[in-house]
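Each chain is listed here by its residues.
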Amino acid sequence: MKKFGFFLIFLSTFSLAQKFTLKTLLEDKISIRALELYDGKVWYSGTESKFGYVELKNPQDKKQIILSEKKLQFRTLAQDKRSFYAINIESPAYFFKIDKKTLKYEIVFEDNAKAAFYDTFHFVNENLAFAFSDTDDQHLKLAKFEKGAWSFFQNSVRLNNGEAAFAASNTNIASTKNYLWIATGGKSSRILRLNFKTQKFEVFNTPFIQGESSQGIYSIDFLNDQFGIAVGGDYTKQDANINNIATTNDGGKTWEIQASGKNAGYTTCVKIKPGSKGKEIIAVGDKHISYSEDFGNTWKKISDEKGLFVCEWIDTKSIVFAGKDRIIKLSFE
């Protein structure tokens, strides 16, 4: 592990001409595609079976543990009040539960299916969580954690040929009290919406770029039951920026393409700013950090930082990013 270091960058950005700083919190030989915030710390899971944290105020306070000798790759991370949960990609998939106080861990569930590949793990509330996996029979595969028990969620959704998901940032699932949304990609890029009252899915087509295995929606976020945003693109053509951002105002039934040809390209994670009512949104991809101040209609690239895959708002003034070999914090002045 490298020694702690930091750098500061001051830039004038977007229409408010705000300035911000970027500070490195953690450097390590790791790829991070999932993170959680808890107790003033950034918690992460990643390659080489690594799981750990770094404190936001004092980055020298950090700890890392190895969850398995098998050098698993984690691209998911979720939490409830007492524990963190992480699932490795590829088969067999092990569901790890890590105690927040002691960091003691155990495997609480396994998926030995050949096609097991968990892209996302998401808690709806303290008693309900879903994990989305690739499947070998074209039926939507969801592992469900409900009231302390694990099972597979029975449903009738059938995926199209070549339709799958991307384990890019643990953010192709979003939820409110009434709905769960799942974004797919590849040869078909759709939105699957679960109504918690009826326990049934509705399936909605999107105008998003699709048709190739590398194309489609990579990340979604929802403000409420109506407004949501989706981002993505094509990871093999990262500068391509046609039909890779879309918004919905009817709960995912219909989507409107935004800023086509006028954005920074391939994007892996999107997050609505807390308290902004959907007006302000941050997005990140391998080659950029971008910002929207008008509900995702237009975008301004505010940084050329490379190798970042996932982000999360800390508060209304700061955001944490993670990716290849590092975790950084952006603070608006």
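Above this text is the structure in question.
Figured I'd write up the structure that's included with this text.

Omega for the bond connecting Ser91 with Pro92 falls within 30 degrees of zero, at -5°, which places this linkage in the cis form. Mapped onto the elements of the fold, Pro92 is located in the loop between strand E7 (83-87) and strand E8 (93-99). The phi angle at Glu90 is positive, at roughly 70°, despite the residue not being glycine. As for its position among the elements, Glu90 is in the loop between E7 and E8. For Glu90, a relative accessible area of 46% gives the class partly exposed. Its identity is not glycine, yet Asn170 carries a phi of approximately 60°, on the positive side. Of note, Asn170 is situated in the loop between strand E14 (163-164) and strand E15 (173-175). The exposure class of Asn170 is buried, given its relative accessible area of 9%.

If you walk across this open sheet you meet the 4 strands as E24-E25-E26-E27, and the pairing is antiparallel. Both outer strands of the open sheet, strand E24 (269-272) and strand E27 (300-303), are each paired with one neighbouring strand and no more. Pairwise comparison of adjacent strand axes, ignoring direction, gives a mean angle of 25° for this sheet. Taken together, the 5 bridges between strand E25 (residues 281-285) and strand E26 (residues 288-292) define a ladder with antiparallel strand orientation. Each residue of the ladder has a partner; that of Ala283, found in E26, is Ser290.

The subject of this paragraph is the packing of aromatic side chains. In total, this model carries 33 aromatic pairs according to the counting rule given. Aromatic pair Tyr85 and Phe123: ring centres 5.4 Å apart, planes at 40°, arrangement tilted. Residue Tyr85 is located in strand E7, and its partner Phe123 is located in strand E10 (residues 118-125); the two are separated by 38 residues in the primary sequence. This pair shows no difference in class: Tyr85 is buried, exactly as Phe123 is. Seen in terms of ring centroids, Tyr94 and Phe96 are 6.5 Å apart; in terms of plane orientation they differ by 70°. Their pairing is edge-to-face. This pair shows no difference in class: Tyr94 is buried, exactly as Phe96 is. Aromatic rings pair up to connect Tyr85, Phe95, Phe109, Tyr118, Phe121, Phe123, Phe145, Trp150 and Phe152 into one cluster.

Core analysis: the largest hydrophobic core is formed by 29 residues, its most contacted members being Ile282, Phe321 and Ile327. Secondary structure elements with two or more residues in this core: strand E2 (18-38), strand E3 (41-46), E25, E26, strand E28 (308-315) and strand E29 (318-332). By residue number, the principal contributor to this core is E29, which donates 8 residues. Residues contacting Ile282, with those up to four places away along its chain left out, are Cys269, Val270, Lys271, Ile289, Ser290, Tyr291, Trp299, Ile302, Cys311, Trp313, Ile319 and Phe321.

Structurally, Thr176 is set in the loop between E15 and strand E16 (179-183). Residue classification places Thr176 among the buried positions, given a relative accessible area of 15%. Taking the C-alpha atoms as reference points, Thr176 and Asn125, separated by 51 residues in sequence, lie 9.2 Å from one another. Filtering out sequence-adjacent residues up to four positions away, Thr176 remains in contact with Val124, Trp181, Phe196, Asn224 and Asp225. Within the structure, the side chain of Thr176 is placed 2.6 Å from the side chain of Asp225, a separation counted as a polar contact.

Among the 7 residues of strand E21 (residues 228-234), 7 are classified as buried, and the element is accordingly described as predominantly covered. Going residue by residue along E21, you find Gly228, Ala230, Gly232 and Asp234 tucked away on one face and Ile229, Val231 and Gly233 tucked away on the opposite face as well. Sheet topology note: the strand E20 (residues 215-222)/E21 ladder contains 7 bridges and is antiparallel. When the sheet's bridge partners are listed, Asp221 is paired in E21 with Ile229. In this sheet, strand E22 (residues 245-248) lies alongside E21 in antiparallel orientation, the contact comprising 4 bridges. Residue pairing in the sheet places Val231 in a bridge with Ile245 of E22.

Criteria and cut-off values
Residues numbered from 1 in each chain as written. Predicted model: local features only at pLDDT ≥ 70, side-chain atom pairs only at ≥ 80, totals over all residues. Heavy atoms only, no water. Helix = DSSP H or I, 4+ residues; strand = E, 2+ residues; numbered from the N terminus. Buried < 20%, exposed > 50% of the residue type's maximum accessible area, 1.4 Å probe, protein only. Pairing = 2+ DSSP bridges. Axes fitted to C-alpha atoms, helices over the stretch in contact; angles between N-to-C directions. Phe/Tyr/Trp six-rings, centres within 6.5 Å; stacked < 30°, edge-to-face > 60°. Core = buried A, V, L, I, M, F, W, Y, C linked by side-chain atoms within 4.5 Å. Contact = heavy atoms within 4.5 Å. Polar contact = N/O pair within 3.5 Å; in protein donor to acceptor, adjacent residues only side chain to side chain.

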